[in-house]
Amino acid sequence: MTAPEASASRRRAAVLISGRGSNLAALIDACARPDAAAEIALVISNRPDAAGIAHARAAGVAAEIIDHRRFGARDLFERSLNAVLEAHEIDLVCLAGFMRVLSSWFTERWRDRLLNIHPSLLPAFPGLDTHRRALGAGVRFSGCTVHFVRAEVDAGPIIVQGVVAVRPDDTPETLAARVLEAEHRCYPLALALVASGRAWVQDGKVVLEGASAPSGLWINPLPD
Ligand code: GRF
């Protein structure tokens, strides 16, 4: 069978992981569609024991381990990362549970071609322990954000957000599980928008073309 014509112009995406890799799996599934604007061409893990590597292998995607502990300094690790991405002719990089902070050398090199997903409605709750902090603040809604990466942690122009309602009996674990479902829908959407040229950065914000916003009002708790 010949490959669909669209594949010739697909953007080559790499996914960087450190652990479970459920967002990686969602991206691989979405990009397996014949009309996908991106293909997952490479997976890189900085941890040799990352469970997510199995998703890459099962899907026949090239997987590389670049163990940050082998490098004496951050810049050497990042230069190695960059060299592997370039060797695989990668166009777009998706951070998906990648637990290394990247320097401005790297984020500028990949400016507007580097995406991240964070499990909160940024700019609220950047950093770690997100769900516990969201519950501690008593917010009624939480969610996830896919954004272009800048040197500041969990900051940068927002591409897609997904919202979930917080329930009175939520624990960090139950909230995380619901947000994760949102993540698995938002990340493939964001990658598709960027890879197809329908999302780009202008004046520090993402402009979307041919994408419509939902209508409606969400109130939590539901009014009587
Ligand atoms: C996700 O919650 C993501 O938002 C955060 O790290 C987690 C990674 O999960 N950055 P997985 O490895 O994709 O399952």
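Scroll up a little and you will see the structure.
Residues numbered from 1 in each chain as written. Predicted model: local features only at pLDDT ≥ 70, side-chain atom pairs only at ≥ 80, totals over all residues. Heavy atoms only, no water.

Enquirer: Any details on the state of the cysteines? Residues and values, ideally.
Expert: Following the criterion strictly, the structure yields 0 disulfides and no others. Cysteine Cys31 remains unbridged, with the sulfur of Cys94 as its closest cysteine sulfur at 7.8 Å. For Cys31, a relative accessible area of 11% translates into the label buried. No disulfide involves Cys144; its nearest neighbouring cysteine sulfur is the one of Cys186, lying 3.8 Å away. On the basis of relative accessibility, which here comes to 0%, the residue Cys144 falls in the buried class. (Disulfide = S-S within 2.5 Å. Buried < 20%, exposed > 50% of the residue type's maximum accessible area, 1.4 Å probe, protein only.)

Enquirer: Which residues make up the pattern of salt bridges, and what are the values?
Expert: Inspection of the entire model under this criterion finds 10 salt bridges. The partner of Asp67 in a salt bridge is Arg69, and the shortest N-O contact between them spans 2.9 Å. Owing to a relative accessible area of 11%, Asp67 belongs among the buried residues under this scheme. In this structure Arg69 comes out as exposed when scored by relative accessible area, which is 54%. (Salt bridge = Lys/Arg side-chain N within 4 Å of Asp/Glu carboxyl O.)

Enquirer: Residue-level account of helix α5 (residues 130–137), with values.
Expert: Buried within α5 we find Thr130, His131 and Ala134. Angularly, the buried residues of α5 cover 90° about the axis, an arc narrow enough to put them on a single face. In the core, the buried residues of α5 are packed alongside β5 (114–118), β6 (141–148) and α6 (172–195). Of the residues one or two after α5, Gly138 is the one with positive phi, at around 75°. (Helix = DSSP H or I, 4+ residues; strand = E, 2+ residues; numbered from the N terminus. Arc of directions from axis to C-beta. Contact = heavy atoms within 4.5 Å.)

Enquirer: Outline the site of the ligand, listing residues and values.
Expert: All residues in the neighbourhood of the ligand are listed as Arg20, Gly21, Ser22, Asn23, Gly97, Ile117, His118, Pro119 and Glu183. Side-chain polar atom of Arg20 to an oxygen atom of the ligand: 2.5 Å apart, as the coordinates give it. With respect to the ligand, the backbone of Ile117 contributes an N or O atom lying 3.1 Å from a nitrogen atom. Protein burial of the ligand: of its 370 Å² of free accessible surface, 84% is covered by the chains. When residues of the shell around the ligand are traced back to their parent elements, those giving at least two are α1 (22–31) and β5. (Near = heavy atom within 4 Å. Polar contact = N/O pair within 3.5 Å; in protein donor to acceptor, adjacent residues only side chain to side chain. Areas by Shrake-Rupley, 256 points an atom, 1.4 Å probe, with all protein chains shown as cover.)

Enquirer: Break down the pairing of strand β4 (residues 92–95) for me, citing the residues and quoting the values.
Expert: Regular strands place their side chains on alternate faces of the sheet. Side chains Leu92 and Cys94 project from β4 onto one buried face, and the interleaved Val93 and Leu95 project onto a second face that is buried too. Pairing geometry for β4 and β5, over 3 bridges, is parallel. Its bridge partner being in β5, Val93 is matched across the sheet by Leu114. (Pairing = 2+ DSSP bridges.)

Enquirer: So what's going on with the side chain of Asp154? Residues and values would help.
Expert: Structurally, Asp154 can be placed in the loop between β6 and β7 (158–165). Of the polar contacts made by the side chain of Asp154, one reaches the backbone nitrogen of Gly127; its length is 2.7 Å. Those residues within four positions of Asp154 in sequence are excluded, and the remaining contacts are Asn116, His118, Leu122, Pro126, Gly127 and His147.

Enquirer: Account for the environment of Pro172, with residues named and values stated.
Expert: Within the secondary structure layout, Pro172 lies in helix α6. A C-alpha to C-alpha distance of 8.6 Å links Pro172 and Asp129, two positions 43 residues apart in sequence. Not counting residues within four places of it along the chain, the set of residues in contact with Pro172 comprises His131, Arg132 and Leu135.

Enquirer: So what's going on with the pairing of strand β1 (residues 11–17)? Residues and values would help.
Expert: Most of β1 is tucked away, with 5 of its 7 residues classed as buried. Here β1 runs beside strand β2 (residues 38–45); their pairing, made up of 7 bridges, is parallel. From the neighbouring strand, Arg11 faces β2, where its bridge partner is Ala38. For the crossover that starts at β1, traverses α1 and ends in the parallel β2, the hand is right-handed. Judged from the 4 bridges that link them, β1 and β4 form a sheet pairing that is parallel. (Right-handed = clockwise from strand over helix to strand, strands pointing away.)

Function cannot be inferred from these measures alone, as they are strictly geometric.
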